[in-house]
Structures are given as C-alpha cells and as structure tokens.
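# Examining the three-dimensional arrangement
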Amino acid sequence: MPDRSCSKLLRALLPLLAATGCDGCPSSKPYTPYTLGSATPAGSPPPLSGVAPGAADAGPEADAGDQDAAASPRFAVVPSVPAPAGGKQWPLEGGAVVAAPTGRTFEAGLLLDADGDGARDLVAWARSPDGLRGELLFAPAARPQALRTLAALPGDLAAQGCAPRVGLSQIGPSALTFDFAPQCGDPQRAASAGATRWIAVLRLPGAGAPPELALELRLRTPPPEEALSASLEVVDRDADGRDDLVVSVGLAGALRPFSAPAAKGAAAELRVPLVFLDRPAGLSRDAAQPGEALRGLAASLLRDARGKSTAPSVAAAAQRLRRLHAVLCADAAGGGGASAGRDAARAGEALVWTGVGPVRCGEPGLAEAIDHAEAVAASTRGAPLAAIAALDRGGAEPRAKEDARLLAKLAPPATAAAVYRTAAAPQPAGRGAFGPLAFEASGALLVRTAQGVVRVDPAASTESATDVPPWPAAVHAGPAELVAVERRCDAPTLLALFRSSPDAVGEMEVPLPLLRAQGPRARAASPERCAGTEKLPFAPLAASERGFDIALGAALVSIDLRAAAPTSAALSFPLTTPAPQGAPRSPDGATLAVPAAGGLLVATAGGAARLWSGGDLAQATACAPANGGARVACVVGAAAVIFEAK
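Now for a description of the structure that goes with this document.

So, how was this worked out
- Residues numbered from 1 in each chain as written.
- Predicted model: local features only at pLDDT ≥ 70, side-chain atom pairs only at ≥ 80, totals over all residues.
- Heavy atoms only, no water.
- Helix = DSSP H or I, 4+ residues; strand = E, 2+ residues; numbered from the N terminus.
- Buried < 20%, exposed > 50% of the residue type's maximum accessible area, 1.4 Å probe, protein only.
- Areas by Shrake-Rupley, 256 points an atom, 1.4 Å probe, with all protein chains shown as cover.
- Pairing = 2+ DSSP bridges.
- Phe/Tyr/Trp six-rings, centres within 6.5 Å; stacked < 30°, edge-to-face > 60°.
- Disulfide = S-S within 2.5 Å.
- Axes fitted to C-alpha atoms, helices over the stretch in contact; angles between N-to-C directions.
- Parallel < 35°, antiparallel > 145°, perpendicular 65-115°, else oblique.
- Contact = heavy atoms within 4.5 Å.
- Salt bridge = Lys/Arg side-chain N within 4 Å of Asp/Glu carboxyl O.
- Core = buried A, V, L, I, M, F, W, Y, C linked by side-chain atoms within 4.5 Å.
- Expected span 1.5 Å × (residues − 1).

## Examining the overall build of the protein
What the protein contains, in helices and strands, is eight helices and 38 strands. Going through the 646 residues of the protein one by one, you find that 54% of them count as buried. Of the roughly 25700 Å² of accessible surface on the protein, 54% is carried by carbon and sulfur atoms.

Rendered as structure tokens:
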C-alpha cells in the first residue's frame, strides 16, 4: 500500500523547496538542478537517491512569476572530459600545454573561460597514483605554466579498502562542482570505515579573477540501510543579479529495525534545503532553511495524525523525520556532530558538514512537535499507551500545554496512598531483572525474600512463609539472557544486549525501534556532545523461547530471537503473552504498571489508563499491579508497599 503520509509530507515540502527557486520574482534566473553524479562522465559516482528541487517542482499554487521563471532558459550542465592519454599534459587552444605537477596525473577537467578574459582556461583534477590525494588546479590560458591550487582534497577522507571516484562539472554560469566519493563495495564497511563524500563548489568571479573555493560539503556514509544524497541548484533567489546556491539534502531508506517506506522513487525520500546566498564576501547561509522545511514536514505530520485513514502511517513517518533531523542537524537531539568536528565519525552523529562546521538548524522545538504529532496519531487510532510513550520521550514532563492536555485525557492523574507496608524485606533485584513482588489472583501479595517467598494478606494484616518456589531474577528466553539496554554514541538506535548462552563469550546486540534520543531518561546534556554509553532502565514483561517483551517507560518492545539475525518491533497493548511472576503485570496479564511521564502509569486492557503519583511512589521501584489495577505493590526502601489510587 502506498505510504500516504510520506506523499503528504513531500507535498507539504514542495512549496517550500519551490520557493528557493524563484521567490516569485520575474528577474530570477533558475538553472537546471544538478544531482551529484547525475551529469558526470562514466566512472564518476552515481547519485545516491532522489531528484533535486527546482522551480519546475512548484505545485499548482505557483504564481505567474514562478511560471515565467520556469519557462526561462535553463543552464545545461557541462560535464568534465577525461584527461588526454597518460594524464601528464593537457593541451590548450593555441598550442599551449599544461603540465601536471610532479607526482600527479590529470584525471578529468573542464576547458572554459574561468577568469573572464575571453580565453578558455583549464580547471582540472590532478591525483596521486593511489587516487586518495589530489588537488583541483587552475591553469589560465594567458599563463598556462602558472598552475594554481584551488582546493586540495582533505587528508582525512581516505577510507581503507575504498576506491575513489570523482566528477567535475559546471552547474551554472559562475559555478563549478567537484564530487569525490569513496566507493567501498560493502555498505557496512563504508559506514564503519567512515567513508566521506566531499563536494567542493567553485565560484567564478570573472573580471580577471581566478576561480575560488566557495563551499565545501561533506556527506558521511550512513548505516547500510540508509542512503544520503545531495542535489545542487544555482538560482538568483534574492534578485540581486548573483547566482545563489541551494543544496537539497535527502535521506532514503530506514534503519534496522524500522520498516522501509512502501513508496518508491522520490516519494521514498525526505528532502530539505540548505540555502547559500552569494554575497561579495562569499556564500552566506540563509538561516531560515532547513528550519522552515522541517517545520513544514512536522506540520504535515500533525495534519495526518488527525485523520483516521492517515494516522496509522504517522509513527513510521515521524521516525523518518526524526532521523533526517539527526542526520542533518548537529543541534538536533541525537545529532551530536559538533564534538567530533570534521571527523564526526560515529554512525549515530550528524552526517553533514558544510566546511565551516556542522549544520545547526536552530529548531529546538522540532523534536517535541514530532512527538506531539505521533501522540495525536496514536490517540486517533486508539492506542493510548503508544501515545503516552510518544509524549514521554526523554523522560521529561510534557513541555507544551497541548501535550499536557492530551496526557491528562489519555491517563487522568490519580493520587496514590499507601495502605500496607510489609515487614518482610524484598530481595534486591538488579536493573532489568524480574522484581521480587507478584500479586496472586486472590489479591494476596507474594514477596520474594532472601529466605524464600512470603505471602502477604493485606486485609488480615498477616505475613506468612509459603512453599511457593522463588522465581528467578534473571530474564531468560531459552538459553539466552537479556543483559541490558544501552544508549551509545556509536549507534543511532537504542540497543538490547543479550548473551546467547550462560557460557557465551561477549554479548550480542539487537537494535530497538527507538532512536538514540528516545527512550527513558535521555541525558539533558547538549545534543552536540554525546554522553557516552548509558544503561537505560527497562522492565521485562515476558520471556519465552521466542524472545523477550520489555517496557522502556510506556514504550513496549518485542525482541524476537528465532531468526539468525534477531529482530525487534513495537509491541501493542494489551499483551497476549502470559505474565511471569516479578513482571510489572497483573496475574491475568491484562494490567500493566510502568514508570512514565513523571509518575506510575497503570493501564488495564479495556479500561482507562491512569497516571499515579504521590506518597512514596517517587522512590518506588519494581512495581507490580493486581488484577484490575486497583492496587499496585512496589519496593520502597527495605519494604514492599501496597498502594491504592484515590
């Protein structure tokens, strides 16, 4: 089925991108958008994905000025030509010859009047024998022996085992672009090796001046499931007679374990523009983009979230938009590109760099807007726990009034009061283990202690030893044991760690359907500085030969170990698996009690969820509900406390 949410997102974005082409000014001069590699000679890197934006993409609401601009003559991209045989010399018109520098060989070049003196000069790429070093050179027709280096390939781009492919093109009357792309064969190796695509944009000032480097752009290789692309367009956006530059960054695919978009072609890719205005001192980035485009995509998500037919696709579209935000923006939650500077080597960090530093998009409220849209969509489709999980991302209180109202509607607040405190001391349980408390169907509470299991009858205020065998704290699915859930700098998603058997050496990882900035207790540090490895609190809900069900706050996740490569997916409530003792579930499995949104979320299948707070709940751990959810028992200090909601 087509991804209707995705197509709506793109329709919402098109007017924003079209605005970069003309602004409705008849004096604008749009030129053919250049998708990197799309107009380069054989042997150059192919485009990663997508089509560039341009005036021709304007929607039905484009005004007459846009239409006039679209009908204007477009610049025909001029690709470079291969160097003459041997690559040691390049002849110019009139019999002059340009010699390659010592240790370098010409590979590709352009003959054009680059300095405005009426004669055709040479702009060429000269490389080392291994192709991993080189320079863009300029040889003026008037003095062909006076070679000048326009830009040198940065020395930190070489990736082991990757062969370089290059392209050089003229994309506008006064703009050239050079594209250096490592080709690594195996996408996983490319990502792990830190392979980086380098694009240099050259400006032709004319009036006797040589070409100059106007912009550098770096695109790091994303994880194998994703494709990162860039398209370049030169256009006079502000009608000042100077050609500005629009770089449209696109992201296609989906990280494991997220599902890839059902749509094909351009609809499978999200794109937003970076705009650089040509000023006498050089290119100056327009601070309005990509913020306006990102806000437009988030607004489209919210519109889809309110529709019965479109709400089911919003969760996947929201994750794609979060990922684009993190990949492009160093100041996005989960972006984190600034701390690594130009290298930005880890897979979870921002993957785009503009030459003067990582991209800062200046949209601090975008993550909350996406969360809100996802919560509204979950509420529309009748999934209150999924809605609360979206509002609870990061473990913070809702920041907006809309979020607070929605949360109060989904889980009305309730005040908890302690009705019984045990003398029996629950056996301590580690992080992510089955807890020491479990209700029985009768309403009695079982407490696992160091000496055995004690039955508590709160009505009679009695505690007695039983012959009930103590249940294990460790979470096992057959021979596999769930060890931890981590947020790491080198992974774009949260990871579940497990051992395949008790005697296994090392731990295996399963990516979870939550991006790095999601999940409980996200660090409040600057998103531009990754905080290292963080162990996250989680609650085991079920374990079987199939795998594990866990809760991270209100986010429920199923981990399937049956395949050779374990997988994970979002889990719907109510759960259908039996409730093991020590899980935060009632004996009949229909009620769940997990920390979320600053309180204890108690939800029962077929009934309303409520958010408990007050009393000693702020210090409570390892909670377990009774059937129906009227009572919840938690460990508080050295005792078990039974709470009721008032």
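## Brief notes about the pairing of strand E31 (residues 555-560)
Most of E31 sits inside the fold, with six of its six residues counted as buried. Residues Ala555, Val557 and Ile559 of E31 are buried on one face, and the alternating residues Leu556, Ser558 and Asp560, pointing to the opposite face, are buried as well. Sheet topology places strand E30 (residues 547-552) next to E31; six bridges connect them, and they run antiparallel. For Phe548, the partnering residue across the bridge sits in E31 and is Ile559. Here E30 folds back onto E31, and the loop between the two strands holds two residues, one of which, Gly553, carries a positive phi near 65°. As paired strands, E31 and strand E32 (residues 567-570) are joined by four bridges and run antiparallel to one another. Considered in E32, the bridge of Val557 is made with Ala570. Counted between consecutive antiparallel strands, the loop separating E31 from E32 contains six residues.

## Some remarks on the packing of aromatic side chains
According to the stated counting rule, one finds four aromatic pairs in the structure shown. Ring centres of Trp90 and Phe106 lie 5.9 Å apart, and the angle between their planes is 80°; this geometry places the pair in the edge-to-face category. Here Phe106 lies in strand E6 (residues 105-112) and Trp90 lies in strand E4 (residues 89-91), a separation of 16 residues in the sequence.

## Quick notes on the state of the cysteines
Structurally, a disulfide amounts to a covalent bond that connects the sulfur atoms of two cysteines. Using the criterion set out here, one finds two disulfides in the structure. The disulfide partner of Cys329 is Cys361, and the gap between their sulfur atoms is 1.9 Å. The S-S bond linking Cys329 to Cys361 shows a torsion near -80°; that makes this disulfide left-handed. Of this pair, Cys329 sits in the loop between helix H5 (314-328) and strand E18 (352-353) while Cys361 is found in the loop between E18 and helix H6 (366-380), placing the two residues 32 residues apart along the sequence.

## What about the packing of H6 against helix H7 (residues 384-391)?
Contact pair H6 / H7: the axes reach a minimum separation of 7 Å and the direction vectors enclose 170°. Between H6 and H7, the interaxial angle falls into the category roughly antiparallel. Listed contacts from H7 to Asp371, Glu374, Ala375, Ala378 and Ser379 of H6 are Ala386, Ala387, Ala390 and Leu391.

## Points about the pattern of salt bridges
Using the criterion set out here, one finds 28 salt bridges in the structure. The salt bridge involving Asp130 is made with Arg133; its shortest N-O contact spans 3.7 Å. By relative accessible area, Arg133 is classed as partly exposed at 47%. Salt-bridge contacts for Lys535 lead to Glu486; the nearest nitrogen and oxygen are separated by 2.5 Å. In this pair, Lys535 sits in strand E28 (residues 534-535) while Glu486 sits in strand E25 (residues 480-487), placing the two residues 49 residues apart along the sequence. Residues participating in the shared-partner salt-bridge network are Glu486, Arg488, Asp490, Glu509 and Lys535.

## Comments concerning the sheet that holds strand E7 (residues 121-127)
The sheet built from five strands is open, its strands ordered E3-E6-E7-E8-E9 with antiparallel pairing. The two strands at the open ends of the sheet, each matched to only one other strand, are strand E3 (81-82) and strand E9 (148-152). For E7 and strand E8 (residues 134-139), the ladder comprises six bridges, and the chain directions are antiparallel. Counterpart to Arg127 in the pairing with E8 is Gly134.

## Examining the nonpolar core
Formed by 98 residues in total, the largest nonpolar core has its most connected members in Val247, Ile550, Leu552 and Leu601. Not counting chain neighbours up to four residues away, the residues in contact with Ile550 comprise Leu482, Val485, Leu512, Phe538, Ala539, Pro540, Leu541, Ala555, Leu556, Val557 and Ile559. Core analysis: the second largest hydrophobic core is formed by 20 residues, Ala114, Leu157, Phe180 and Leu202 among them.

## Observations regarding unusual backbone geometry
The peptide bond linking Gln289 to Pro290 adopts the cis configuration, its omega dihedral lying at 10°. Between Phe573 and the following residue, Pro574, the backbone shows a cis peptide bond with an omega angle of 10°. Relative to the helices and strands, Pro574 is located in the loop between E32 and strand E33 (591-596). Of note, the phi angle at Ala207 is positive, near 55°, even though the residue is not glycine. In this fold, Ala207 is placed in the loop between strand E12 (196-203) and strand E13 (212-220). Despite not being glycine, Ala597 shows a phi value in the positive range, around 50°. Among the structural elements, Ala597 can be located in the loop between E33 and strand E34 (599-604). Taking relative accessible area as the criterion, Ala597 reaches 6% and is therefore assigned buried.

## Thoughts on the sheet that holds strand E38 (residues 639-645)
The strand order across the open sheet formed by seven strands is E33-E34-E35-E19-E38-E37-E36, and the pairing between neighbours is mixed. Across the chains shown, the open sheet's two edge strands, defined by having one partner strand only, are E33 and strand E36 (621-625). Across this sheet, the average inter-strand angle for adjacent strands is 35°, counted without regard to direction. Relative to E38, strand E37 (residues 631-636) runs antiparallel, the two being bridged by six bridges. Looking across to E38, one finds that Val635 is bridged to Ala640.

## Some remarks on H5
End to end, H5 covers 21 Å across 15 residues, agreeing with the expected 21 Å (1.5 Å per residue, within 8%). With respect to burial, H5 is a largely interior element, 13 of its 15 residues being buried.

## Observations concerning the environment of Gly241
The topology assignment puts Gly241 in the loop between strand E14 (226-235) and strand E15 (244-253). Of the residues examined, Gly241 reaches a relative accessible area of 58% and is grouped as exposed. Here the alpha-carbon distance between Gly241 and Asp278, two residues 37 residues apart in the chain, equals 9.6 Å.

## What to know about H7
In terms of burial, H7 is a largely internal element, six of the eight residues being buried. Here H7 has its buried residues at Leu385, Ala387, Ile388, Ala389, Ala390 and Leu391. Tucked into the core, H7 has its buried residues touching H6, helix H8 (401-410), E31, E33 and E34.

## Overview of the pairing of E25
When you tally the buried positions in E25, you get six out of eight residues, the bulk of the element. Across three bridges, strand E24 (residues 475-477) lies against E25 in antiparallel orientation. Following the sheet pairing, Ala477 is matched in E25 by Ala480. Counting the residues between successive antiparallel strands, the hairpin from E24 to E25 contains two residues, one of them, Gly478, with a positive phi of roughly 65°. By the bridge criterion, five bridges tie E25 to strand E26 (residues 493-499) in an arrangement that is antiparallel. Following the sheet pairing, Glu486 is matched in E26 by Leu495. Once E25 ends, the chain turns through five residues before running back antiparallel as E26.

It is worth stressing that arrangement in space is one thing and function is another; only the former is reported here.
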